[in-house]
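Structure at a glance
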Amino acid sequence: MPEIPEISSVAVILVAAGRGQRFGGETPKQYVDLSGRTVLRRSVERFLDAGRVGYVLPVIHADDRGMCDGALDGVLDQRLMEPVPGGSTRAASVRCGLEALETIGPSHVLIHDAARPFVPVEVIDAVIDALETAEGACAALPVVDALWASVNGEADHSVPRDGLWRAQTPQGFDFSKILAAHQSHDGSGADDVAVAREAGMTVKLVPGSERNYKITTQADMVRALTDLDAEQG
């Protein structure tokens, strides 16, 4: 069997422009301290530690440059790029990041929620590996619980779970194709797989991880702190 060539260059967009309304508080969740390091910094360091990443680009809210600089102070890795401001929606922010990478022209790009600071390196590697033969790849977990549709707060009928997956990030793509997809998209896509599929791209699902959860609420932050304590204990 012929050897599959290594992907030439991989960039990462860390989406960190949201306001985190469900999280609450005055500080956006990506800048909240998580046992000595902010959520954003932990996400940045995960990808820098992965070893197969050439560039890491944070996309932030235009008002957050000071908080971002403080969060990443002391990260001296040259692969970390200057942050760029995002847009009014997640899709718009991703497009801003993609267009900022145009002058670099990576072969592939991973798009990741900065609020998922515990993504395992093996998940990152699995997405990159899938891009050797696929236009896109998404970390995901199969739905294993029973699903019910409700009416007025009561269980009405069960919904088949066969073939259903819970999407995570990173979601990886051929750079030029996902850039073109975003530039022709109306900005309403729930995630980048939706944008890619609308453009006709094929997207392979690869195994995600329960550790790769998104910090959305204060309860998630409590869980994150507990997990860190367990790791360090």
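Sequence order sets the numbering: in each chain, residues are counted from 1 along the sequence as written. With pLDDT at 70 or above as the cut-off, local features in this predicted model cover only qualifying residues; side-chain atom pairs require 80 or more to be listed or tallied, and sums for whole chains, interfaces and linings still use all residues. Water and hydrogen atoms play no part in the side-chain values, which are based on all heavy atoms of the structure.

For the rest of this paragraph, the subject is the environment of phenylalanine 47. One can find phenylalanine 47 in helix α1 (residues 39–50). Think of it in three bands: with a 1.4 Å probe and only protein chains considered, a residue is buried below 20% of the maximum accessible area for its type, exposed above 50%, and partly exposed in between. Given the relative accessible area of 0%, phenylalanine 47 is considered buried. Considered as a pair, phenylalanine 47 and valine 119 are 72 residues apart in the sequence and their alpha carbons are 8.8 Å apart. Contact definition: two residues touch when any of their heavy atoms are within 4.5 Å. For phenylalanine 47, the residues in contact, after removing those within four places along its chain, are Val12, Leu14, Val53, Val56, Leu110, His112, Val119, Ile124 and Pro170. Going along the chain from the N terminus, every DSSP run of H or I of four or more residues is numbered as a helix, and every run of E of two or more is numbered as a strand.

Another point: the pairing of strand β4 (residues 55–60). Most of β4 sits inside the fold, with 5 of its 6 residues counted as buried. Two strands make a pair as long as DSSP finds a minimum of two bridges between them. Relative to β4, strand β1 (residues 10–16) runs parallel, the two being bridged by 6 bridges. Bridge pairing in β4 links alanine 16 to isoleucine 60. When β4 meets strand β5 (residues 84–85), the two strands line up parallel, connected through 2 bridges. Pairing of valine 59 across the sheet is with valine 84, part of β5. Each parallel crossover has a hand, and the one from β4 via helix α2 (residues 65–71) to β5 is right-handed. Note on handedness: a clockwise path from strand one over the helix to strand two, with the strands aimed away from the viewer, defines a right-handed crossover.

Here threonine 169 and proline 170 are connected by a cis peptide whose omega angle stands at 15°. Residue position: proline 170 is located in strand β10 (residues 165–174). The backbone phi angle of serine 35 is positive, close to 55°, even though this residue is not glycine. The residue serine 35 is located in the loop between β2 (33–34) and β3 (37–38) in this model. Residue serine 35 is classed as partly exposed on the basis of its relative accessible area, which comes to 31%. At asparagine 152, a residue that is not glycine, the phi angle is positive and equals roughly 55°. With respect to the helices, strands and loops of the structure, asparagine 152 is situated in the loop between β8 (147–151) and β9 (154–159).

A few words on the packing of helix α3 (residues 90–100) against helix α5 (residues 175–183). With axes taken as lines fitted to C-alpha atoms, and helix axes fitted only over the stretch in contact, angles between N-to-C directions fall between 0 and 180 degrees. Where α3 contacts α5, the axes come no closer than 10 Å and their chain directions differ by 135°. If you check the angle between α3 and α5, you find them oblique. Read as a crossing pair, α3 and α5 show a hand that is left-handed. Where α3 approaches α5, its residues Ala91, Val94, Arg95, Leu98 and Glu99 are matched on the opposing element by Phe175, Ile178, Leu179, His182 and Gln183. When grouped by side-chain class, the residues that make up the contact of α3 with α5 number 6 nonpolar, 2 polar and 2 charged. Our angle categories are set so that under 35 degrees counts as roughly parallel, over 145 as roughly antiparallel, 65 to 115 as roughly perpendicular, and the remainder as oblique. The sense of a crossing depends on the near helix, which, turned anticlockwise from the far helix by less than a right angle, makes the crossing left-handed and, turned clockwise, makes it right-handed. Note that Gly is not counted as nonpolar here; it falls among the polar residues with everything else outside the nonpolar set of Ala, Val, Leu, Ile, Met, Phe, Trp, Tyr, Cys and Pro and the charged set of Asp, Glu, Lys and Arg.

Here aspartate 192 lies in helix α6 (residues 192–198). Once residues within four sequence positions are removed from consideration, aspartate 192 is found in contact with Arg90, Val94, Ile111, Gln171, Phe173, Ile178 and His182.

What follows covers the sheet that holds β4. The 7 strands are arranged β5-β4-β1-β6-β10-β7-β11 in an open sheet whose pairing can be described as mixed. Each of the sheet's edge strands pairs with one partner strand only, and the pair in question is β5 and β11 (203–207). The strands touched by α3 are β1, β4, β5, β6 (108–113) and β10; relative to β1, the strand with the most contacts, the crossing angle is about 145°. Contacts from helix α4 (residues 121–130) reach β1, β6, β7 (136–142), β10 and β11, with the element oriented near 150° to β11.

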